[in-house]
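Overview (structure and organization)
Each chain, written out:
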Amino acid sequence: MKIITKGKIMLFRLSILLISVTLLIGCNSSEKLLQKGQYDRAIDKAVEKLRKKPNDENELYVLKEAYVKANSFDMDQIEFLEREGREENYVKIFLLYERLDNRQDRIKTLPTSLMSQFTIIDYDEQLIESKSQAAEISYEKGLQYLEQGGRENARRAYYEFERTKSIYSDYKEVNQMLRESQYLGTNQVLFVIENNSQVVLPGRFDTELKKIGMGDLNDRWIQYSVFEDEDQQYDYFIVLNINNINVTPERVEREKTTDTKEIQDGMKYVLDERGNVTKDSLGNDIRVPNMITVEAEVSKVRQVKETMVGGTLDYIDLRTDQLVKTDNIAVTAVFEHTSATYSGDERALSEASKVMVNSEMVPFPTNEMMLIDAATLLKEQAKEIMFRNRRLLSSTY
């Protein structure tokens, strides 16, 4: 029977790891990338190695093969797109010429002796021509989408203008067109509060709820508002419909408990069976701590008041005048304060009891104060629900 030691196990694991790393490196070698048809990745890998080892003939062979094949593939695509003659092809043609030029730039980072073995072509004229045409076509296409109207077309226009800007950052009025298309493509959402609870709410309640931060809910195509703009046409209402408010009566709960603790109360002599004081080896009297149990009666006073606010968060599509979703919402604001008095030995008090004893009864908060606390909780919960449902508001129909 063979005994496998921990050392052999570790050696076996290390061997497996080395084999795995070797295979991984082999799969990502420039030659393997060339064989897979990943020419630009093969070029990057070969260039990286040739910078360190300019005399590596194998890497130079891979680089030449990948470079020729990549360029040939791109030029074939350009020729096809030009023959096809479609206006929108100029964007693809420009990107292909840009890729050809960038590929040459990587070759130019090689030592001169290696770079001279490659054909470098000046693509400036083709780049300028295709770039100008690509920008013009994307820009005009964006304008056409805007003219057709509607949310979806406005968003398509935005992406065309965005492409134009990526080609020429200051092309014509592209920045203005980006702002306009984004505005027209954005769904406008108004957060509305309705009180159907038959309870009169303080003005501060509404004010507190409208402090809800919408900034992290907004995205490119959704804009939330809490204050209505009469000049704005809204696509959705999110209605916080409050239909239940309950403020409990003020409660004072009293409870008595007893704290006990064993403490040291001086020292005492150790007596033998005859009642005499025992001595140590040096003849001294032996004394030990005198432990006693003390207690204190604690009278606790717990003040409690609660406010429950409930309702629904309703999503209304104003374009169809339909209720598209409803979520229940409910919060409870709790006021709780505990104080205490005691009788007996103060030394018996626990740390918790000491905190309560050092606190006195306080006035109960008013109903208005409790409702404001509930509004804060309601605001946080409403925002969580709106965050979960934000994709619901991105439609363009």
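Residues numbered from 1 in each chain as written. Predicted model: local features only at pLDDT ≥ 70, side-chain atom pairs only at ≥ 80, totals over all residues. Heavy atoms only, no water.

Here we look at the nonpolar core
The cut-off we apply is this: Among buried residues, the Ala, Val, Leu, Ile, Met, Phe, Trp, Tyr and Cys ones that are joined through side-chain atoms within 4.5 Å form a nonpolar core. Burial classes follow relative accessibility: with a 1.4 Å probe on protein chains only, a residue under 20% of its type's maximum area counts as buried, one over 50% as exposed, and anything between as partly exposed. Every helix listed is a DSSP run of H or I at least four residues long, and every strand listed is a run of E at least two residues long, numbered separately from the N terminus. Throughout, a residue-residue contact means that at least one pair of heavy atoms, one from each residue, lies within 4.5 Å.
The biggest cluster of nonpolar side chains holds 32 residues, and the ones touching the most others in it are Phe191, Phe205, Ile242 and Met386. In terms of residue count, helix H12 (residues 367-388) provides more of this core than any other element does, 8 residues in total. Excluding anything up to four places from it in sequence, Ile242 contacts Ile193, Glu194, Asn195, Asn196, Ser197, Leu201, Phe205, Leu209, Val309, Gly310, Gly311 and Leu378. Counting residues in hydrophobic clusters, the runner-up holds 25 residues, among them Ile78, Phe94, Leu127 and Val174.

Remarks on H12
Here is the rule: Multiply 1.5 Å by the residue count of a helix minus one, and that product is the helix's expected span.
With 22 residues, H12 extends 32 Å from end C-alpha to end C-alpha; this agrees with the ideal 32 Å at 1.5 Å per step. Every buried residue of H12 is accounted for by Met370, Leu371, Ile372, Ala374, Ala375, Leu378, Lys379, Ala382, Ile385 and Met386. Turning to H12, the residues buried within the fold contact strand S1 (187-195), helix H10 (203-209), strand S2 (222-225), strand S3 (236-247), strand S5 (287-317) and strand S6 (322-344).

A short note on the side chain of Asp74
Just so we agree on the cut-off: Throughout this description, a polar contact denotes any pair of N or O atoms lying within 3.5 Å of each other; where both atoms belong to protein, one of them has to be capable of donating a hydrogen while the other can accept it, and for residues adjacent in sequence the pair is counted only when both atoms sit in side chains.
For Asp74, the location among the structural elements is in helix H4 (residues 57-84). For Asp74, a relative accessible area of 1% puts it in the buried group. A polar contact is formed between the side chain of Asp74 and the side chain of Arg99, at a distance of 2.6 Å. Not counting chain neighbours up to four residues away, the residues in contact with Asp74 comprise Leu96, Arg99, Leu100 and Arg103.

What to know about helix H9 (residues 174-185)
So the rule is basically this: The directions considered for the arc are those from the helix axis to the C-beta atoms.
Helix length check: H9, at 12 residues, gives a terminal C-alpha distance of 16 Å against a target of 16 Å (1.5 Å per residue), a fit within 8%. Among all positions in H9, only Val174, Met177, Leu178, Ser181 and Gly185 are buried. Take H9 and look down its axis: the buried residues cluster within an arc of 105 degrees, on one side only. On the buried face of H9, the contacting elements are helix H7 (124-148), helix H8 (151-167) and S1.

A closer look at the pattern of salt bridges
To keep it simple, the criterion reads: One speaks of a salt bridge when a side-chain nitrogen belonging to Lys or Arg is within 4 Å of a carboxyl oxygen belonging to Asp or Glu.
Here the structure, examined in full by the defined rule, presents 29 salt bridges. Measuring nitrogen to oxygen at the nearest pair gives 3.5 Å for the salt bridge that ties Arg220 to Glu162. Taken together, the positions of Arg220 in the loop between H10 and S2 and Glu162 in helix H8 put the pair 58 residues apart, joining distant regions of the chain. On the basis of relative accessibility, which here comes to 31%, the residue Glu162 falls in the partly exposed class. Between Glu253 and Arg302 there is a salt bridge, and its shortest N-O distance comes to 2.6 Å.

Quick look at the packing of aromatic side chains
Convention followed: When two rings of Phe, Tyr or Trp (its six-membered ring) have centres within 6.5 Å they constitute a pair, described as stacked for plane angles under 30 degrees, edge-to-face for angles over 60, and tilted for the intermediate range. Definition used: whenever NZ (Lys) or CZ (Arg) falls within 6 Å of the ring centre and also within 35 degrees of the ring normal, the charge is taken to sit over that ring.
What the rule picks out here adds up to 9 aromatic pairs. Residues Tyr158 and Trp221 carry aromatic rings whose centres are separated by 5.2 Å and whose planes lie at 85 degrees to one another, so their mutual orientation is edge-to-face. Of this pair, Tyr158 sits in helix H8 while Trp221 is found in the loop between H10 and S2, placing the two residues 63 residues apart along the sequence. With respect to burial, Tyr158 and Trp221 carry one shared label: buried. One cation-aromatic arrangement involves Arg287 over Tyr269; the distance from NZ or CZ to the ring centre is 5.9 Å. For Arg390, the ring lying beneath its charged end belongs to Phe387, and the centroid distance is 3.8 Å.

Let's talk about unusual backbone geometry
The phi dihedral of Lys172 is positive, around 45 degrees, even though this residue is not glycine. Mapped onto the secondary structure, Lys172 falls in the loop between H8 and H9. One non-glycine residue, Gln198, lies in positive phi territory at about 70 degrees. Structurally, Gln198 is set in the loop between S1 and H10.

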